Amino acid sequence: MTLAEDNGPERGGDDLFAAEYVLGVLATDERQIAARRIDTEAGFARLVDSWEVHFSPMAAAYPEIEPPASLKPAVDRRLFASSSTATQPSAGLWSSLGFWRGLAAAAVAALAIYVAVPYLNPPVVAPQERLVASLAADGSDVKYLVVYDAARRDVGLSLVSGERAAGKDFELWMIEGKNAPVSMGVIPAGQTTHLAVTPAVQQKLAQGAVLAVSVEPTGGSPTGQPTGPVVAAGDLKGI
């Protein structure tokens, strides 16, 4: 069992579940559950709305870019081309309430990912160059959502919950297999922050890694290795 499996989104409650829905890191079945809850539970829908607003500052570091002209035709083909021999969807499909609800859910998911992860560039970036992670741990109220952009060598962190104690800092670590943790830096204070990624760490992240947050003295670990408890951890996954 990996750290991410041991500290999955089911342990974070509705707030983290809503945040992961907006960020686009949920599995298909979990997304369907979230979409149904948005339709039927006003409280959960408000959580989703608040996280869409919360994640919007992550876009501040990146310039607005016009999507390529080929994007909409490609999306239309994916949504409406039922087979190579059929060019028009059946009347039953167009009149199906379930179809339109599914299409609306897909549109909401696409918008949420665009708000939270505005990394659309021509040419299209390979999926493995945009990775996300949900960091949490049993017995800890510290939870982070992470977006790693390999093209910009940047890690964006959004604090879901938890506060650092006086005289302490949170430090982000990369754990590759059984190798010793590698520090990615002290996490700046704030609800939404960014860390630069060195080329050496970037190469390791591309091969798959676990991210973890430890509690350290102000300024970071004095030894180059975690000295305090690990309060959140999770696997990076492609989106």
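Bear in mind that the values here come from a model prediction, so they are computed numbers and not experimental data.

(A) Examining the confidence of the model for the chain more closely. Residues at a pLDDT of 70 or more form 67% of the chain, whose mean pLDDT is 75. Throughout residues 118-127 the model reports pLDDT below 50, and contacts reaching past four residues in sequence, or to other chains, amount to 19 contacts.

(B) Layout of the packing of aromatic side chains. In the structure shown here, the tally under the stated rule is two aromatic pairs. Ring geometry for F17 against F44: centres 5.8 Å apart, planes inclined by 40°, an arrangement best described as tilted. With F17 in helix α2 (residues 13-23) and F44 in helix α4 (residues 42-55), the pair connects residues that are 27 residues apart, well separated along the chain. Like F44, F17 is buried. With a centroid separation of 6.3 Å and an interplanar angle of 90°, the aromatic rings of Y144 and F170 are classed as edge-to-face. Within this pair, whereas Y144 is found in strand β2 (residues 143-149), its partner F170 is found in strand β4 (residues 168-175), the two being separated by 26 residues in sequence. In this pair, the class of Y144 matches that of F170, namely buried. Of note, R37 hangs over the ring of F44, and the distance from its end group to the ring centre comes to 4.4 Å.

(C) How the structure looks around the pattern of salt bridges. Applying the stated rule across the entire model yields five salt bridges. Of the charged contacts, one joins D14 and R37 as a salt bridge, the two residues approaching to 2.8 Å between their closest N and O atoms. Here D14 is found in helix α2, whereas its partner R37 is found in helix α3 (residues 28-40), with 23 residues between them in sequence. Owing to a relative accessible area of 16%, R37 belongs among the buried residues under this scheme.

The rules behind the values
Residues numbered from 1 in each chain as written. Predicted model: local features only at pLDDT ≥ 70, side-chain atom pairs only at ≥ 80, totals over all residues. Heavy atoms only, no water. pLDDT = per-residue confidence, 0-100. Contact = heavy atoms within 4.5 Å. Phe/Tyr/Trp six-rings, centres within 6.5 Å; stacked < 30°, edge-to-face > 60°. Helix = DSSP H or I, 4+ residues; strand = E, 2+ residues; numbered from the N terminus. Buried < 20%, exposed > 50% of the residue type's maximum accessible area, 1.4 Å probe, protein only. Lys NZ or Arg CZ within 6 Å of the ring centre and 35° of its normal. Salt bridge = Lys/Arg side-chain N within 4 Å of Asp/Glu carboxyl O.

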